[in-house]
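Given next are the chains, with one letter for each unit.
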Amino acid sequence: MEQIAENRSLRKDAVEVKFDLRGDPVFAMLDDFVASKVPVNVGYILRVCNISDPEDHCKLPSIVFTAIPEKDVFADSVIISSDLGDGSDEPVFSPKEVKLFFWEGM
């Protein structure tokens, strides 16, 4: 999560996510980045949630929760509020919560 918060390109990706599904190419890039950092014996779900949406609580999807009974699930999150750009493009204000749920064993 720290790398996402500190890396300009990853922060930009986070604020540009429309849907936290693999069908969203920007989300897929973030998910691929996370997958490259997570050990193979650890399961995970990445969420990128719209903070301004009162219905989006950034929870672990219930289907995943029921599929991993008796597992200890840990979570870490970071708030990404905007991408100021490099001066050649418009700043983007689209606050998101990037949240990673992970558990041991697949």
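All chains use their own residue numbering, which begins from 1 and follows the written sequence. Thresholds applied to this predicted model are a pLDDT of at least 70 for local features of residues and 80 or more for the giving and counting of side-chain atom pairs; totals over whole chains, interfaces and linings are not thresholded and use all residues. Values reported for side chains reflect all heavy atoms of the structure, with hydrogen atoms and water molecules removed beforehand.

> Could you clarify how one ought to interpret unusual backbone geometry in this entry?
Glycine aside, a negative phi is what most residues show, and trans is what most peptide bonds show. Phi at Cys58 is positive, roughly 55 degrees, even though this residue is not glycine. Strands are runs of DSSP state E lasting at least two residues, helices are runs of H or I lasting at least four, and both sets are numbered from the N terminus onward. Tracing the sequence through the fold places Cys58 in the loop between strand 1 (42-50) and helix 4 (62-67). Positive phi, normally seen in glycine, also occurs at Glu70, with a value near 65 degrees. Residue position: Glu70 is located in the loop between helix 4 and strand 2 (73-83).

> Honestly, helix 3 (residues 25-37) in this entry has me stumped. Any pointers?
Given 3.6 residues to a turn, an α-helix orients residues that are three or four positions apart in the same direction. The span expected for a helix works out to 1.5 Å for each residue beyond the first. If you check helix 3, its first and last C-alpha atoms are 19 Å apart, about what 13 residues at 1.5 Å a residue would give, namely 18 Å. A simple rule labels every residue: compare its accessible area, found with a 1.4 Å probe on the protein chains alone, to the largest value its type can have, and call it buried under 20%, exposed over 50%, or partly exposed in between. Within helix 3, burial applies to Val26, Phe27, Ala28, Leu30, Asp31 and Val34. Of the residues flanking the start of helix 3, the one acting as N-cap is Asp24, its side-chain oxygen 2.9 Å from the backbone nitrogen of Val26. Definition of a polar contact: a pair of N or O atoms within 3.5 Å, with one able to donate and the other able to accept a hydrogen when the atoms are protein atoms, and with sequence-neighbouring residues admitted only if both atoms are side-chain atoms.

> Hey, could you run me through the side chain of Asp24 in this one?
Examined against the element boundaries, Asp24 turns out to sit in the loop between helix 2 (8-16) and helix 3. The charged-residue count follows a simple rule in which Lys and Arg add positive charge and Asp and Glu add negative charge, with His and chain termini not counted at all. When a carboxyl oxygen of Asp or Glu lies within 4 Å of a side-chain nitrogen of Lys or Arg, that pair is called a salt bridge. Buried within the structure, Asp24 lacks any salt-bridge partner; Lys18 is the closest side chain of opposite charge, at an N-O distance of 7.2 Å. Ignoring anything within four residues of it in the chain, the contact list for Asp24 reads Val17, Lys18 and Phe19. Residue contacts are defined here by distance: any two heavy atoms, one from each residue, within 4.5 Å place the two residues in contact.

> Whenever I open this one, the side chain of Lys99 confuses me. Can you help?
Along the chain, the position of Lys99 falls in strand 3 (residues 92-104). Salt bridges are absent for the buried Lys99, whose nearest opposite-charge side chain, Glu97, sits at 4.1 Å. Not counting residues within four places of it along the chain, the set of residues in contact with Lys99 comprises Met1, Ile45, Leu46, Arg47, Cys58, Ala75, Asp76 and Ser77.

> Could you clarify how one ought to interpret the pattern of salt bridges in this entry?
For the coordinates displayed, the defined rule picks out four salt bridges. The partner of Asp20 in a salt bridge is Arg47, and the shortest N-O contact between them spans 2.4 Å. Of this pair, Asp20 sits in the loop between helix 2 and helix 3 while Arg47 sits in strand 1, and the two are 27 residues apart along the sequence. Owing to a relative accessible area of 19%, Asp20 belongs among the buried residues under this scheme. The exposure class assigned to Arg47 is buried, which follows from its relative accessible area of 14%.

> Teacher, can you tell me more about the state of the cysteines here?
In protein structure, a disulfide is the covalent linkage between the sulfur atoms of two cysteines. Cysteine sulfur atoms that pair up within 2.5 Å are treated as a disulfide. The final tally for this structure, using the stated rule, is one disulfide. The residue that forms a disulfide with Cys49 is Cys58, at a sulfur-sulfur distance of 2.1 Å. The S-S bond linking Cys49 to Cys58 shows a torsion near 85 degrees; that makes this disulfide right-handed. Residue Cys49 is classed as buried on the basis of its relative accessible area of 2%.

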